[in-house]
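Geometric and topological summary
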Amino acid sequence: MKWLILALVGLQLSEGLVRIKLKKAKSIREKMREAGVLEDYLKKIKYDPVKKYHFSEDYVMYEPTTNHLDSSYFGEISIGTPPQNFLVLFDTGSSNLWVPSAYCQTPACFNHAKFKPSESSTFTYNGQSYAISYGSGALTVVLGYDTLRVSAPQVTNQEFGLSKNEPTQPFYYADFDGILGMAYPSLVVGGVPTALQGMLQQNQLTQPIFSFYFSRQPTYNYGGELILGGVDTQLFQGDIMWAPVTQKLYWQVALNEFAIGQSATGWCSQGCQAILTSYGVSAGDGLEVRTEQRRNLLFTLSQQYAVDCNEIQNMPTITFVINGAQLPLYPSAYVLNKNGYCTLGIEATYLPSQNGQPLWILGDVFLKEYYTVFDMANNRVGFA
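As annotated in an unreviewed UniProt entry, the protein chain is Gastricsin from Pygoscelis adeliae.

Set out below in C-alpha cells:
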C-alpha cells in the first residue's frame, strides 16, 4: 500500500498537477452575525458586494473587506526557512500576496498566524510599504522577500506583504490569515511578479493554468481543491466550455443572456460582463427574481432575503449563457440553507463594468456547480 501511495504521488507530479485541498469553515458574515456586530458593520460601510471591482485608469486596487464576508474556502501555504504556515484565501479577484506579521499589533492579528522575519534564514527586507483601502479602514503592509511554498511548488525570493495593521472588523472574525491573489499581474500593487508568475518563472508549473473544484457538500477538512498547472479530469464530466477573457484585470467574460425559468430576460441585450471570483456570492445588476410560488412573491435582491425552505422546489432555475453555452443554477444551488434557515445566495450591486454594461460577480454559489478553469496562456475561462 505504501508503494502504491508513492506511485500515485509520483504520477501526480509527473503530470505537472499540484493539488491544494481547500478547507470550508463558517464565513465572516456568519461569525459576525453570531457576535452581534454584523448589522452595525454593514450600516457603517454602506455595503455593496461589488465595490472591490473598482476600475480606474491607473488600475489602483481597492479591496473592500466586505467582499470577504462570505469567504469560507481557504488553503495552506508556507513562507520562510524553516517554513511558517498560513491559511490563505486563493483569491481570483486580486493579485497580491500578504500575510499577518510580527510587525502587526492590531487585534485582528492577535488571533492569527503571524510571519516572524527573525525566524527565517532566507528573509530579505524590502522596506517599501503600501496600503490597500477598505470601507472600514486600511490594511498597511511592508514588503519583503522569502521562500514561498504552495504544496509542492517552491518559489525563492517571492515578494509578499507583511501586514503592519489590519482592521478589526471584519478580519478579526476571519478563519484565514492572509490572501494569495490569482488575478492578472496588471492588478498587482507595486508591479512585482505575482505568486503565480513566480511559480511559472521558476519552472514549478508545467502549464500556466489553474482550476477550482468546490464541493457541493463541503466540510471543514474538505471544501474542494485548487489544482495548479492544469485540470483534474476526475473532478468533472463532459467537455470544458471555454469563454475568452474580455478584460485582463480580473477573470472577466461576456454574458450573452440571463434567463429565469424558461424566459430570457433580455437584460443582456446590450451586453453584460461577469467576473469569476473564488469567493463570495453571485450578484446581479439590480436583479429581480419572480418566483413560481403560489403567492408569486417578488424578490428585489438588495440584501440576503429569507425564503421559505419548504418552497425551494417551487423556485425557478436561473440560467447564465456564456459564449453560447447554457449554465443553469437550480434553486438548490442559489438558496443557502443554514440549519433550516434559508436565504438567497444572490445580492444586488450597482457598479457597472468599465464599458458601462451590467456587471455580474459569479462566486462560490456558481463555482460549486461548475468546475472552473483559468487559462492564463490563452486568456480564457473554462466551465465543466
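This brings us to the confidence of the model for the protein chain. Overall, the predicted model of the protein chain reaches an average pLDDT of 77, with 70% of residues at or above 70. For residues 1–14, every residue scores under 50 in pLDDT, and the model assigns this stretch four contacts once sequence neighbours within four places are set aside. Across residues 281–303, where pLDDT falls below 50, the model places 82 contacts with residues more than four positions away in sequence or in other chains.

The subject of this paragraph is the environment of V321. Checked against the element boundaries, V321 lands in strand β21 (residues 318–322). Separated by 62 residues in sequence, V321 and A259 place their C-alpha atoms 8.2 Å apart. In contact with V321, not counting residues within four places along its chain, are L255, N256, E257 and Q326.

The next point concerns the state of the cysteines. Taken as a whole and assessed by the stated rule, the structure comprises three disulfides. Through a disulfide, C104 is tied to C109; the S-S separation comes to 2.0 Å. Disulfide C104-C109: the torsion about the S-S bond is 80°, which places it as right-handed. One exposure class covers both C104 and C109, and it is buried. The side chain of C268 participates in a disulfide bridge whose partner is C272; the two sulfur atoms lie 2.1 Å from each other. Disulfide C268-C272: torsion about the S-S bond near -95°, hence left-handed.

Moving on to the pattern of salt bridges. Going through the model one piece at a time under the given rule, you end up with three salt bridges. With a shortest N-O distance of 2.7 Å, D232 and R19 are connected by a salt bridge. One end of the pair, D232, is in the loop between β10 (224–228) and β11 (241–244); the other, R19, is in strand β1 (residues 18–24), with 213 residues separating them in the sequence. Residue classification places R19 among the partly exposed residues on the basis of a relative accessible area of 27%. A salt bridge links R380 to D375, with the nearest nitrogen and oxygen atoms 2.8 Å apart. Residue R380 is classed as partly exposed on the basis of its relative accessible area, which comes to 27%. Since its relative accessible area comes to 1%, D375 is described here as buried. A single network of salt bridges, built from pairs that share partners, joins R19, E225 and D232.

Attention now goes to the sheet that holds β21. What the four strands build is an open sheet, ordered β15-β14-β21-β22; its pairing is antiparallel. With one partner strand each, in any of the chains shown, β15 (263–264) and β22 (325–329) form the two edges of the open sheet. When β21 meets β22, the two strands line up antiparallel, connected through five bridges. From the neighbouring strand, F320 faces β22, where its bridge partner is L327.

What follows is about the nonpolar core. One recurring pattern in soluble globular proteins: nonpolar side chains tend to sit buried together. By size, the foremost hydrophobic cluster in this structure holds 66 residues, and its most contacted members are I77, F90, L228, L276 and F366. If you look at the next biggest cluster of nonpolar residues, it comprises 13 residues, including L143, F171, F176 and I179.

Time to look at the pairing of strand β16 (residues 272–276). With respect to burial, β16 is a largely interior element, five of its five residues being buried. Pairing between strand β13 (residues 251–255) and β16: four bridges, direction antiparallel. Across the sheet, the residue bridging to A254 is Q273, located in β16. Pairing geometry for β16 and strand β26 (residues 359–362), over four bridges, is parallel. Pairing of Q273 across the sheet is with L359, part of β26.

What counts, and at which threshold
Residues numbered from 1 in each chain as written. Predicted model: local features only at pLDDT ≥ 70, side-chain atom pairs only at ≥ 80, totals over all residues. Heavy atoms only, no water. pLDDT = per-residue confidence, 0-100. Contact = heavy atoms within 4.5 Å. Helix = DSSP H or I, 4+ residues; strand = E, 2+ residues; numbered from the N terminus. Disulfide = S-S within 2.5 Å. Buried < 20%, exposed > 50% of the residue type's maximum accessible area, 1.4 Å probe, protein only. Salt bridge = Lys/Arg side-chain N within 4 Å of Asp/Glu carboxyl O. Pairing = 2+ DSSP bridges. Core = buried A, V, L, I, M, F, W, Y, C linked by side-chain atoms within 4.5 Å.

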